[in-house]
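# An overview of the molecular structure
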Amino acid sequence: MRIIDLAHATEDHVLALPLFNDLGKILLSKGVKLKPSLVVKLQKMGYSKVYISDEFSEGEIEDVIKMEVRQRAITHLRKLSSFAKNQTSGSNQQFDTDLHIAKATISTIVDEIFTKKDIVIELLDLKTVEGYIYEHSINVMIHALVLGSSLGLNKVELDKLGMAAALHDIGFMFVPDEILKKRGSLTEEEYKEIKMHPIKGYEFLKTKTDLDPTVRIPTLQHHERYNGSGYPGITPYENLHLFSKIIGICDMFDAMTSTRPYRKSYPVAEVLEFIMGSGGTLFHPTLTKAFIQNINPYPMNTLVKLSDGSIGVVSKVNGRFFSRPIIKLIIDKDKRKVNKIVNLLENRTLVIQETVNKA
Ligand SMILES: [Fe+2]
């Protein structure tokens, strides 16, 4: 199993993971052949990458939580968000019940993460255009829980962090759709509107729910930055709640590794470099260090190009030295077929240049 650009998918590739529709039901099962008509359909839905199995990569990559559970969390968040959007319809009581159900699901996710130790995130979450905001929020939640757990937060704290992360962008429900779905750059006025989502989301949670303050505060604070940049510019970084700082990093990572209507996604390795470099400017350095230790940009079976032009498959990960795995070379630097093992932890002259679609 490896990730490729959907544009490179052929009938020789089969889906390595199922894809879900907006209602959380399986749209395409694992093992389905990627026919050209199917590729077009998926591109229309906003998918730009896909996990496939082929001759190079047959093994699986494990997700942090089960896909069904992830989908259930997305469905809960959709319900809560739709209440926020249509505040006039539906009773507060229904919203409270939905909130309670969402809390229970998040608590089971926390249990799953809490009992596993040393979790490494290896899968990229693939998003559709329509479901972006919900899929993004739940993925930020998973990243936040893994980071929080690695920082030593307890179960009660993680339950609250999970809820806070799931709801962090609820304020987007109060931003007009035409701004959120706009292709191309935003006008100054539109950007102002976007920058209101932390305040609007926070006010909604404060007036409509009795959530713990630590759950709603990150909604207000997740765009504040270490060097004072960011918005809404109400709270200095040193006074931010730890949850806001955690969610801030996870939010940026997930946004940068996702394809948006106005730009392509950045490669995971590049985003990790960027996050590392932003320690001391955008985020606290201790948090950026902890964050990057939990994510492997080159999981098993990833097809990669090395700095000398050779191409190979990641055949074993060297502990947490994620950028220096053991590689099974397929094509050497002179473009000849080979079958050779290179351990990048021992061969320091070679580095991984990028993930590639084909050999
Ligand atoms: Fe946000």
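Residues numbered from 1 in each chain as written. Predicted model: local features only at pLDDT ≥ 70, side-chain atom pairs only at ≥ 80, totals over all residues.

### A look at the nonpolar core
Residues Ala144, Leu145 and Ala166 are the most contacted members of the largest nonpolar core, which totals 73 residues. Once you skip the residues sitting within four places of it in the chain, Ala166 turns out to touch Ala73, Leu77, Ala102, Ile106, Ser137, Ile138 and Met141. Among the nonpolar cores identified, the runner-up in size contains 12 residues, and Val304, Val314, Phe322 and Ile327 belong to it. (Core = buried A, V, L, I, M, F, W, Y, C linked by C-beta atoms within 7 Å. Buried ≥ 20, exposed ≤ 12 C-beta atoms within 10 Å, placed from the backbone. Contact = placed C-beta atoms within 7 Å.)

### What to know about the packing of helix 3 (residues 92-115) against helix 5 (residues 155-167)
Remark: helix 3 packs on helix 5, axes separated minimally by 9 Å, with the N-to-C direction vectors making an angle of 125°. Between helix 3 and helix 5, the interaxial angle falls into the category oblique. For helix 3 against helix 5, the interelement crossing comes out right-handed. Contacts from Ala102, Lys103, Ile106, Ser107, Ile109, Val110 and Phe114 in helix 3 reach Lys155, Leu158, Asp159, Gly162, Met163 and Ala166 in helix 5. Counted by class, the contact of helix 3 with helix 5 contains 8 nonpolar, 2 polar and 3 charged residues. (Axes fitted to C-alpha atoms, helices over the stretch in contact; angles between N-to-C directions. Helix = DSSP H or I, 4+ residues; strand = E, 2+ residues; numbered from the N terminus. Parallel < 35°, antiparallel > 145°, perpendicular 65-115°, else oblique. Left-handed = near helix turned anticlockwise from the far one by under 90°. Nonpolar A, V, L, I, M, F, W, Y, C, P; charged D, E, K, R; others polar.)

### Details of the sheet that holds strand 1 (residues 2-5)
Strand order in the open sheet formed by 3 strands is 1-5-2, with antiparallel pairing between adjacent strands. Edge strands, defined here as strands with exactly one partner in the open sheet, are strand 1 and strand 2 (14-15). As paired strands, strand 1 and strand 5 (residues 49-53) are joined by 4 bridges and run antiparallel to one another. Paired with Asp5 across the two strands is Lys49, which belongs to strand 5. (Pairing = 2+ DSSP bridges.)

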